[in-house]
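Listed below, chain by chain, are the residues.
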Amino acid sequence: MSDVNLAEDIQADRSKMHVSDTDVAIEITGMNKWYGDFHVLRDINLKVMRGERIVICGPSGSGKSTMIRCINRLEEHQKGRIVVDGIELTSDLKKIDEIRREVGMCFQHFNLFPHLTILENCTLAPIWVRKMPKKQAEEIAMHYLERVKIPEQANKYPGQLSGGQQQRVAIARSLCMNPKVMLFDEPTSALDPEMIKEVLDVMIGLAEEGMTMLCVTHEMGFARKVANRVIFMDQGQIVEQNEPEPFFTNPQHERTKLFLSQILNH
Amino acid sequence: MSETNFAFVATSDKPQLPAPKGTTGAIGWVRENLFSSPMNTFLTLLSLFVVYSTVPGLVNWAFVNSVWNANSLDECRALTENGACWGVVRERYHQFLFGFYPSELYWRPILAFALLFVALVPALWDGMPKRGLALMGSMTFPFVAFWLIWGGFGLEPVSSTQLGGLLLTMIIGVSGISFSLPIGIVLALSRSSNLPIVKSLAVIFIEFIRGVPLITLLFVAHVLLNYFLPKGVNFDIVLRVVIMVTLFASAYMAEVIRGGLAALPKGQYEAADALGLGYWQSMRLIILPQALKISIPGIVNTFIGLFKDTTLVLIIGLMDPLGLVAPTLADQRWNGIVVELYAFIAFMFFIFCFAMSRYSMYLERKLHTGHR
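The rules behind each value
Residues numbered from 1 in each chain as written. Chains lettered and ligands numbered in written order. Predicted model: local features only at pLDDT ≥ 70, side-chain atom pairs only at ≥ 80, totals over all residues. Heavy atoms only, no water. Helix = DSSP H or I, 4+ residues; strand = E, 2+ residues; numbered from the N terminus. Rg over C-alpha atoms; globule rule 2.2 N^0.38 Å. Contact = heavy atoms within 4.5 Å. Areas by Shrake-Rupley, 256 points an atom, 1.4 Å probe, with all protein chains shown as cover. Lys, Arg positive; Asp, Glu negative; His and termini not counted. Charge placed at Lys NZ, Arg CZ, Asp CG, Glu CD. Disulfide = S-S within 2.5 Å. Buried < 20%, exposed > 50% of the residue type's maximum accessible area, 1.4 Å probe, protein only. Buried area = accessible area lost by both parts, 1.4 Å probe. Salt bridge = Lys/Arg side-chain N within 4 Å of Asp/Glu carboxyl O. Nonpolar A, V, L, I, M, F, W, Y, C, P; charged D, E, K, R; others polar. Pairing = 2+ DSSP bridges. Axes fitted to C-alpha atoms, helices over the stretch in contact; angles between N-to-C directions. Parallel < 35°, antiparallel > 145°, perpendicular 65-115°, else oblique. Left-handed = near helix turned anticlockwise from the far one by under 90°.

(A) Looking closely at the overall build of chain A. Along the backbone of chain A there are 10 helices and 10 strands. Computed over its C-alpha atoms, the radius of gyration of chain A comes to 18 Å, within 12% of the 18 Å expected for a compact globule of 266 residues. Within chain A, residue pairs in contact and separated by at least 24 positions form 69% of the contacts whose partners lie at least 6 positions apart. Of the roughly 11,300 Å² that chain A leaves accessible, carbon and sulfur atoms contribute 47%. Across chain A, 32 positive and 37 negative side-chain charges occur, with their mean positions spaced 4 Å apart.

(B) Spotlight on the state of the cysteines. Within the structure shown, the criterion is met by 1 disulfide over all chains. Paired by a disulfide, Cys76(B) and Cys85(B) hold their sulfur atoms 2.2 Å apart. Of the two residues examined, Cys76(B) and Cys85(B), each falls in the buried class. Cys215(A) carries a free sulfur, and the closest cysteine sulfur to it, the one in Cys106(A), is 9.2 Å from it.

(C) A look at the interface of chain B and chain A. Every contact between the two is made by 21 residues of chain B and, on the other side, 23 residues of chain A. Considering only the surface of chain B that becomes buried against chain A, Ala274(B), Leu275(B) and Thr369(B) emerge as the three largest contributors, covering 31% of it. Across the contact surface, chain B and chain A share 1 salt bridge. The closest approach of N and O atoms between Arg69(A) and Glu270(B), which form a salt bridge, is 2.6 Å. For the side of chain B that touches chain A, the secondary structure elements donating two or more residues are α12 (266-274) and α13 (279-309) of chain B. Looking at the side of chain B that touches chain A element by element, the count peaks at 8 residues for α12(B). A class-by-class count of the residues in the side of chain B that touches chain A yields 8 nonpolar, 8 polar and 5 charged.

(D) Layout of the pairing of strand β10 (residues 237-242) of chain A. Residue and element names in this part refer to chain A. For strand β9 (residues 229-234) and β10, the ladder comprises 5 bridges, and the chain directions are antiparallel. If you follow Phe-232 over to β10, its bridge partner there is Glu-240. The turn joining β9 and β10, which pair antiparallel and follow one another in sequence, is formed by 2 residues; a positive phi near 50 degrees is taken by Gln-235.

(E) Examining the packing of helix α4 (residues 87-98) of chain B against helix α15 (residues 339-367) of chain B more closely. All names here are of chain B. Packing of α4 against α15 brings their axes to within 11 Å, and their N-to-C directions diverge by 50 degrees. Relative to α15, the element α4 lies oblique. As for how α4 packs across α15, the hand of that crossing is right-handed. Residues Val-88, Val-89, Tyr-93, Phe-96 and Leu-97 of α4 lie in contact with α15, whose contacting residues are Glu-340, Leu-341, Phe-344, Ile-345 and Met-348. Here the contact of α4 with α15 is built from residues that sort into 9 nonpolar, no polar and 1 charged.

(F) Quick peek at the sheet that holds strand β4 (residues 79-84) of chain A. Residues and elements named next belong to chain A. Read from one edge of the open sheet, 4 strands run β2-β1-β4-β5, paired in antiparallel fashion. Each having just a single partner strand, β2 (38-49) and β5 (87-88) make up the two edges of the open sheet. Relative to β5, β4 is paired through 2 bridges, and the arrangement is antiparallel. Each bridged residue has a counterpart across the sheet, and for Val-84 the counterpart in β5 is Ile-87. Contacts from helix α2 (residues 64-71) reach β1 (24-35), β2 and β4 within the one sheet, and its direction differs from that of β1 by about 120 degrees.

Shown next, in the form of structure tokens:
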């Protein structure tokens, strides 16, 4: 897989990444979800400590995206408990909004707002959700646009940017809300190979600053260097999870072995 | 060197050359657009022939051979054989503009018309300084216009039966347009909502109104409403017509906007949700601006349709421009003149519809921000 090779030259400093022993960011217990009669998520249990970087992989249709989308209620779970930052996710709209404020999300197709400039994309939520004064929101937005290395694009529209730039804006947009957790749903799958690295670099930077991250991705180089845990899902279940080194060199479950052999040996 | 050796390394950049002659500029445009293929050439020549064989005749009829100064059709025919007889327009244009509005009070609808443009400026021009304040001012326009046209509060009252012509068209058209858009938006959002009761109410309303001819609704406004309303409550016929036309247009508007809502990628809703925006915030800031932009052609289509549909009020006896044709023909002097009257009315409608159409094109260009 060419992406894997490309990601080999990314650099990450694991010594900076600190995982808390006591502080729980997300706790999922016995979560089940059905689409009609189809059981898409089966008894998911996952405890994420603050500062953890978790990579979730698995074949398409395995429920990995659905799982992380349940965490900020883009999908509703029917059974089980999800607690984010101490708040239990129920159908209470106030709770949902509270959680969404603390959880940032990046999508495969960026989902920037095409009718707003880059700067407006970034300031929108701080102004309307956090009730921040416009000037302060713009300062924060520029700060994060500089972090993702595109402050000069602030007054352009998303349609004028490349895919990699758009995804970096999407990350900056989430960061402007100062989230405690970041969810990434295949952030590099829609990008050309040469743009993948610029997005991964930003994500590594985030990890080094101690952001709690859940990434659905097939960037195995990223998983090796950044993740402290890799989760393999298949048919709506967590099949295997481990630290990256043993996960890749010594997978236990048959399906994990099959999956890894398919994506790694080309 | 063998024939299969395809190894190659570029040693220098190839220069950027100007485009070949005749492919750019005016000549290039003509070649590209008018004579690019035998079929295209044929169509170009055919179109030129059609223009050549119709336009001169039309110009002769409307301008060259036309007569402005004549007091009757006979007088006019004596002056020209194949020219338009605009004398009728010269004599009666005020009727087509104002109906039977008292002529000494014409300044009132004229002032209201002028104020309409003042009120429209902040609504149509988003770069206006102090726009918020100006929009508040625009909000008062309906009341000012109502007062100017119908009188009362110190102005001499004018009854609805005296209203007519373009004035009536404008009253119904402008109020219909300005109220049907917000009502249409609310209906479209209700129909796309997850709340079953709200949704079914919107569906019932839209399907009922769309399933009934406008004329029926106008008859309801004209005759039947008296039975539905409590005794003693009787409001103005023009107001009733405005309500019916507005409801009719808003049902169509709702479907046009729902099309725009459905055309938005799901990711836009999700991104707005994920950022923690509430329902109304995400609708107002993210979804509607984009959905309305997509729907502009359909919205303006509905506006134009509504504006032209106002002529149907002649069926319930209101004197809109078309309704005034019959009284004009009843005048012995002008009996038999038809084309000129309808041409004049068509021209009046065309001005307004064309203006709306141009504005919508401008708006679409302005709101275009590249690809999503």
